[in-house]
Amino acid sequence: MFPVVRYRYRVGALLFLLAVITYLDRVCISVAGPRIQEYLRIGPQQWGWVVGVFAISYGAFEIPGGWMADRFGPRIVLTRIVLWWSAFTALTGAISSYPALLVTRFWFGAGEAGAFPNATASIASWFPASERGRTFGFFSVAIQIGGALSPLLVVPIQMRYGWRTPFYIFGLVGVAWAIVWFSWFRNTPREKRGVSASELREIGDPPASRRHGLPWSLALRSTNFWAILLMGFCYGYGSYFFFTWFPTYLVRARNFTEKELLLAAFLFLCGACANVGSGVTSDFLLKRAGLRAARCRIGMAGFACAAIFALLAAVTTSKLGTLFLLCMSYSGICFTQPMIFPTCIEVAKKSPGSMAGAQNTTNQVGSFLSGVLFGYVAKISGSYDRPLFLLALVLALGAVLWLKINPEQGLVPDEAATEVVTC
């Protein structure tokens, strides 16, 4: 007899696949970037806007996407999100001009916005506080798998069939996921037939009355709120380099060949290990040192290491040395990553989707500036290494901001992190 898999772990498996597909689609354009730039005859400044326009639209629609999760539930909202972005993933493969590419990537970002706030709302409903560190750790691992699979799949496919084909294939994969999600998932465990009484007790009761959005008047006066948003900005700035400019950087700055770009998959393997280590360490600290230590110590340590390794990568000239140091920098970011969305849940239990959307909005502001500024700094300075100094500075700021964040302090007094008492 095979053991019965609890329903919340099946939900986790679907969200795991969601994250894989999300970053498979995002990193696809990064891996295909050198070929697309050659096809359209554009330079680093123009390419910076291609990756930046996604962040603009993604950030603009994050808060509405999170609000819809709190208002309508993630079942129907995530279905819409995935179908939308899958359509524009496929359309990316059909572009024939620079303006068309900008428009397509803008609407791709608008469609994908809200995916992670909706995933956050799903985890808030289906997983107890004592399991969220590991849950977000493995959810973040899925991001690394998607990022790692992208070069491994895109490079062979585009070498044989051209750079357009991967976009068509990945669009179809997203549609398949959306069909399964809508057919099987329910917004809360109590709505899902088959969930046992024992599992419902393990999950615990959801917030008594979920709001349809953040209490903005209180949130805007909270130091905690602004510290989380600014930290999200630093995370977005740091991580976006690796999902957009990293392959181009290796080609232009360190003379990697297209086949050598397969080594970029090692980046995401390191990130996956950091994600798992972060989640496990967080749940360990939660039981022994409390919630603030479980989230903030990990977040601060990850960003600090990421800053140091980015700085070292900027001054080395070795091809493999640069790859290793950037992998370590990315690992530091990934060590921080699983702590971000649980912190959003803990400070805003009755509106986790909206809080995650607000955080992800500043995340995308950082992503936009990262994508665009990298291109301009590289063009003006004549060096692809100079932007890494700015990257290291922003990551160091992120480490400092974790000192100002307190996940035990809710945005509303009655939303203090009382769940941890029962862990």
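Quick caveat, the model's predicted, so the values are computed rather than measured. Numbers given for residues are sequential positions, taken from 1 along each chain in its written order. Given that the model is predicted, a residue must reach a pLDDT of at least 70 before its local features are reported, and side-chain atom pairs must reach 80 or more before they are shown or counted; all residues, however, enter totals for whole chains, interfaces and linings. For side-chain calculations, the full set of non-hydrogen atoms in the structure is used, while hydrogens and water are omitted.

Draft legend 1. Inspection of the pattern of salt bridges at higher detail. The salt bridge criterion pairs a side-chain nitrogen of Lys or Arg with a carboxyl oxygen of Asp or Glu, the two atoms within 4 Å. With the rule as written, the count across this model stands at eight salt bridges. The residue arginine 8 makes a salt bridge to glutamate 199 at a minimum N-O spacing of 3.5 Å. Placement of arginine 8 in helix 1 (residues 7–31) and of glutamate 199 in helix 10 (residues 197–203) is noted, with a sequence separation of 191 residues between them. Residues participating in the shared-partner salt-bridge network are Arg6, Arg8, Glu131, Glu199 and Glu202. Here a helix means four or more residues in a row that DSSP labels H or I, a strand means two or more in a row labelled E, and each is numbered from the N terminus.

Draft legend 2. Local environment of the nonpolar core. Membership of the largest hydrophobic core comes to 129 residues, with the highest contact counts inside it found for Phe241 and Met355. Top element by residues in this core is helix 1. It accounts for 14 residues. With near-sequence residues (within four places) excluded, methionine 355 lies in contact with Leu214, Phe225, Ile228, Leu229, Cys344, Val347, Ala348 and Leu411. Only buried residues count toward a nonpolar core. Its members are Ala, Val, Leu, Ile, Met, Phe, Trp, Tyr and Cys residues joined through side-chain atoms within 4.5 Å. Only protein chains enter the calculation, and the probe is 1.4 Å; a residue is then buried if its accessible area is under 20% of its type maximum, exposed if over 50%, and partly exposed in between. Two residues form a contact once any of their heavy atoms are found within 4.5 Å.

Draft legend 3. Summary view of the confidence of the model for the protein. The pLDDT averaged across the protein works out to 86; a share of 94% of its residues lies at or above 70. Think of pLDDT as the predictor's per-residue confidence, scored from 0 to 100. Within the protein, helix 11 (residues 216–219) has the poorest average pLDDT of any element, 81, and helix 19 (residues 386–401) the best, 96. This model gives residues 417–423 a pLDDT under 50, and the stretch forms 13 contacts once residues within four places in sequence are excluded.

Draft legend 4. Focus on the packing of helix 1 against helix 7 (residues 115–126). Axes here mean lines fitted to C-alpha atoms, for a helix over just the part in contact, with angles spanning 0 to 180 degrees between N-to-C directions. Running from amino to carboxyl end, helix 1 crosses helix 7 at an angle of 170 degrees, the nearest separation of the two axes being 11 Å. By the angle between their axes, helix 1 is roughly antiparallel relative to helix 7. The handedness of the crossing between helix 1 and helix 7 comes out as left-handed. Touching Tyr7, Arg8, Val11, Leu15, Leu18, Thr22 and Tyr23 of helix 1 are Ala115, Phe116, Ala119, Ser122, Ile123 and Trp126, all from helix 7. Any angle that is under 35 degrees is reported as roughly parallel, and any over 145 degrees as roughly antiparallel; angles of 65 to 115 degrees are reported as roughly perpendicular and all others as oblique. It is the rotation of the near helix from the far one that decides the hand of a crossing: anticlockwise by less than a right angle makes it left-handed, clockwise makes it right-handed.

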